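# A look at the structure
Here are the chains, one letter per residue:
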Amino acid sequence: MQYRIKKLDGRYSHKKYFKYCVEFDRSQWGPLHFNVALKWMIETYGFTAEIREWQHIRNHHHQRRAYNLTGDQLPDIVNNTWSWTNDVVCLRIYIKSDKELSFFKLKWPNEGK
(Lines give C-alpha, C1' and ligand atoms only; values in the text may rest on other atoms or scores of the structure.)
Protein backbone atom coordinates (compact mmCIF):
# COMPACT_ATOMS: atom_id res chain seq x y z
CA MET A 1 0.00 0.00 0.00
CA GLN A 2 1.26 3.48 -0.83
CA TYR A 3 0.38 6.56 1.21
CA ARG A 4 1.83 9.63 2.91
CA ILE A 5 1.42 10.43 6.58
CA LYS A 6 1.09 14.09 7.46
CA LYS A 7 1.09 15.47 10.97
CA LEU A 8 -1.61 18.12 11.02
CA ASP A 9 -0.55 21.66 11.78
CA GLY A 10 -2.13 25.10 11.49
CA ARG A 11 -2.60 24.70 7.71
CA TYR A 12 -5.21 21.99 8.32
CA SER A 13 -8.63 23.00 9.59
CA HIS A 14 -9.17 19.62 11.27
CA LYS A 15 -6.06 19.82 13.48
CA LYS A 16 -8.35 20.62 16.38
CA TYR A 17 -9.78 17.08 16.24
CA PHE A 18 -7.11 14.87 14.67
CA LYS A 19 -3.33 14.57 14.90
CA TYR A 20 -2.58 12.93 11.54
CA CYS A 21 -3.92 12.32 8.07
CA VAL A 22 -3.03 9.45 5.80
CA GLU A 23 -3.07 10.72 2.25
CA PHE A 24 -3.53 8.68 -0.92
CA ASP A 25 -2.93 9.97 -4.46
CA ARG A 26 -5.81 10.04 -6.90
CA SER A 27 -3.59 8.50 -9.58
CA GLN A 28 -2.84 4.82 -10.21
CA TRP A 29 -3.45 2.68 -7.10
CA GLY A 30 -4.46 5.49 -4.75
CA PRO A 31 -8.24 5.07 -4.99
CA LEU A 32 -8.00 1.31 -4.48
CA HIS A 33 -5.62 1.65 -1.51
CA PHE A 34 -7.81 4.38 -0.02
CA ASN A 35 -10.96 2.26 -0.22
CA VAL A 36 -9.24 -0.83 1.17
CA ALA A 37 -7.95 1.26 4.11
CA LEU A 38 -11.36 2.94 4.52
CA LYS A 39 -13.09 -0.45 4.75
CA TRP A 40 -10.55 -1.60 7.36
CA MET A 41 -11.04 1.58 9.42
CA ILE A 42 -14.81 1.05 9.41
CA GLU A 43 -14.41 -2.60 10.45
CA THR A 44 -11.86 -1.69 13.15
CA TYR A 45 -13.20 1.57 14.61
CA GLY A 46 -16.79 1.73 13.38
CA PHE A 47 -18.48 3.97 10.85
CA THR A 48 -17.90 7.71 10.75
CA ALA A 49 -19.22 10.53 8.60
CA GLU A 50 -17.09 12.22 5.94
CA ILE A 51 -15.06 15.01 7.57
CA ARG A 52 -17.08 17.98 6.28
CA GLU A 53 -20.35 16.37 7.35
CA TRP A 54 -18.67 15.13 10.55
CA GLN A 55 -17.72 18.69 11.47
CA HIS A 56 -21.12 20.11 10.48
CA ILE A 57 -23.00 17.54 12.61
CA ARG A 58 -20.61 18.05 15.53
CA ASN A 59 -20.89 21.86 15.41
CA HIS A 60 -24.68 21.79 15.01
CA HIS A 61 -24.97 19.38 17.95
CA HIS A 62 -22.86 21.64 20.19
CA GLN A 63 -24.90 24.71 19.21
CA ARG A 64 -28.15 22.92 20.05
CA ARG A 65 -26.70 21.58 23.30
CA ALA A 66 -25.79 25.13 24.35
CA TYR A 67 -29.53 25.87 24.38
CA ASN A 68 -30.48 22.54 25.98
CA LEU A 69 -32.17 21.39 22.77
CA THR A 70 -30.43 18.02 22.62
CA GLY A 71 -28.76 15.43 24.82
CA ASP A 72 -25.07 15.41 25.67
CA GLN A 73 -24.14 12.46 23.46
CA LEU A 74 -22.94 13.10 19.93
CA PRO A 75 -24.59 10.90 17.31
CA ASP A 76 -22.70 7.66 16.64
CA ILE A 77 -21.84 8.76 13.12
CA VAL A 78 -19.46 11.36 14.60
CA ASN A 79 -16.64 8.97 15.48
CA ASN A 80 -13.96 10.91 17.38
CA THR A 81 -11.26 8.34 16.52
CA TRP A 82 -11.19 8.95 12.78
CA SER A 83 -12.80 10.46 9.72
CA TRP A 84 -12.09 10.67 6.01
CA THR A 85 -12.49 12.79 2.92
CA ASN A 86 -12.83 12.08 -0.77
CA ASP A 87 -11.41 15.40 -1.95
CA VAL A 88 -10.89 16.62 -5.50
CA VAL A 89 -7.10 16.62 -5.10
CA CYS A 90 -6.46 13.70 -2.77
CA LEU A 91 -8.02 11.04 -0.58
CA ARG A 92 -7.44 11.32 3.17
CA ILE A 93 -8.10 9.41 6.34
CA TYR A 94 -7.88 11.53 9.49
CA ILE A 95 -6.56 9.76 12.59
CA LYS A 96 -6.92 10.86 16.22
CA SER A 97 -3.62 9.83 17.82
CA ASP A 98 -0.31 7.99 17.70
CA LYS A 99 -2.03 4.82 18.91
CA GLU A 100 -4.38 4.57 15.93
CA LEU A 101 -1.62 5.61 13.51
CA SER A 102 0.69 2.87 14.83
CA PHE A 103 -2.06 0.28 14.42
CA PHE A 104 -2.72 1.50 10.86
CA LYS A 105 0.97 1.32 9.94
CA LEU A 106 1.26 -2.14 11.48
CA LYS A 107 -1.67 -3.35 9.38
CA TRP A 108 -0.65 -1.48 6.21
CA PRO A 109 3.14 -1.11 5.79
CA ASN A 110 3.96 1.76 3.46
CA GLU A 111 5.44 0.51 0.19
CA GLY A 112 5.77 4.04 -1.18
CA LYS A 113 8.46 5.42 1.12
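Preceding block: the structure.
In this report, we go over the structure that sits alongside the text. Everything numeric in this text was worked out from a predicted model, so none of it was measured. (Residues numbered from 1 in each chain as written. Predicted model: local features only at pLDDT ≥ 70, side-chain atom pairs only at ≥ 80, totals over all residues. Heavy atoms only, no water.)

## Some remarks on the overall build of the chain
Heads up, the rule is: Each helix is a run of DSSP H or I of at least 4 residues and each strand a run of E of at least 2, with the numbering of both proceeding from the N terminus. Burial status follows relative accessibility: with a 1.4 Å probe on protein chains alone, a residue under 20% of its type maximum counts as buried, one over 50% as exposed, and anything between as partly exposed. Two residues qualify as a contact provided that any one of their heavy atoms is within 4.5 Å of a heavy atom in the partner residue. Under the convention used here, a 1.4 Å probe and the Shrake-Rupley method define accessible areas, while residue burial counts only the protein chains that appear.
Along its length, the chain carries 3 helices and 4 strands. Reading the chain from its N terminus to its C terminus gives the helix and strand order β-β-α-α-β-β-α. Residue burial in the chain is summarised as follows: out of 113 residues, 39% are buried. For the chain, the proportion of contacts with a sequence separation of at least 24, taken over those separated by at least 6, is 66%. Approximately 7,100 Å² of the chain is accessible, and the part contributed by carbon and sulfur atoms is 51%.

## So, the packing of aromatic side chains
Which entries qualify depends on this criterion: Ring pairs shown here join Phe, Tyr and Trp side chains whose ring centres sit within 6.5 Å, with only the six-membered ring taken for Trp; geometry is labelled stacked below 30 degrees between planes, edge-to-face above 60, and tilted in between. Note on geometry: a ring has a charge over it if NZ (lysine) or CZ (arginine) is within 6 Å of the ring centre and within 35 degrees of the ring normal.
One pass over the full model with this rule turns up 10 aromatic pairs. With a centroid separation of 5.1 Å and 45° between ring planes, the pair formed by Phe-18 and Trp-54 is classed as tilted. Linking Phe-18 in the loop between strand S1 (4–7) and strand S2 (20–24) with Trp-54 in helix H2 (residues 51–66), this pair joins segments that are 36 residues apart in sequence. Taking the relative accessible area as the measure of exposure, Phe-18 reaches 2% and is therefore buried. When the centroid spacing of 6.0 Å and the interplanar angle of 70° are considered together, the rings of Trp-40 and Phe-104 count as edge-to-face. With Trp-40 in helix H1 (residues 30–45) and Phe-104 in helix H3 (residues 98–107), this residue pair connects regions lying 64 residues apart in the sequence. Of the two residues, Trp-40 and Phe-104, both sit in the buried class. The structure contains a cluster of three or more aromatic residues connected by ring pairs, namely Tyr-3, Phe-24, Phe-34, Trp-40, Tyr-45, Phe-103, Phe-104 and Trp-108. Cation over ring: Lys-107 sits above Trp-108, and NZ or CZ is 5.2 Å from the ring centre.

## What about the packing of H1 against H3?
Filter applied, for reference: Fitted lines through C-alpha atoms give the axes, limited to the stretch in contact for helices. The angle between two N-to-C directions lies from 0 to 180 degrees. Roughly parallel covers angles under 35 degrees, roughly antiparallel covers those over 145, roughly perpendicular covers 65 to 115, and oblique covers all other angles. Here a crossing is taken to be left-handed if its near helix is turned anticlockwise relative to the far helix by less than a right angle, and right-handed if that turn runs clockwise.
Here H1 crosses H3 at 125°, and the two axes come no closer than 12 Å. Between H1 and H3, the interaxial angle falls into the category oblique. For the pair H1 and H3, the sense of crossing is right-handed. When H1 is examined against H3, the residues Ala-37, Trp-40, Met-41, Thr-44 and Tyr-45 are found in contact with a partner set consisting of Glu-100, Phe-103, Phe-104 and Lys-107.

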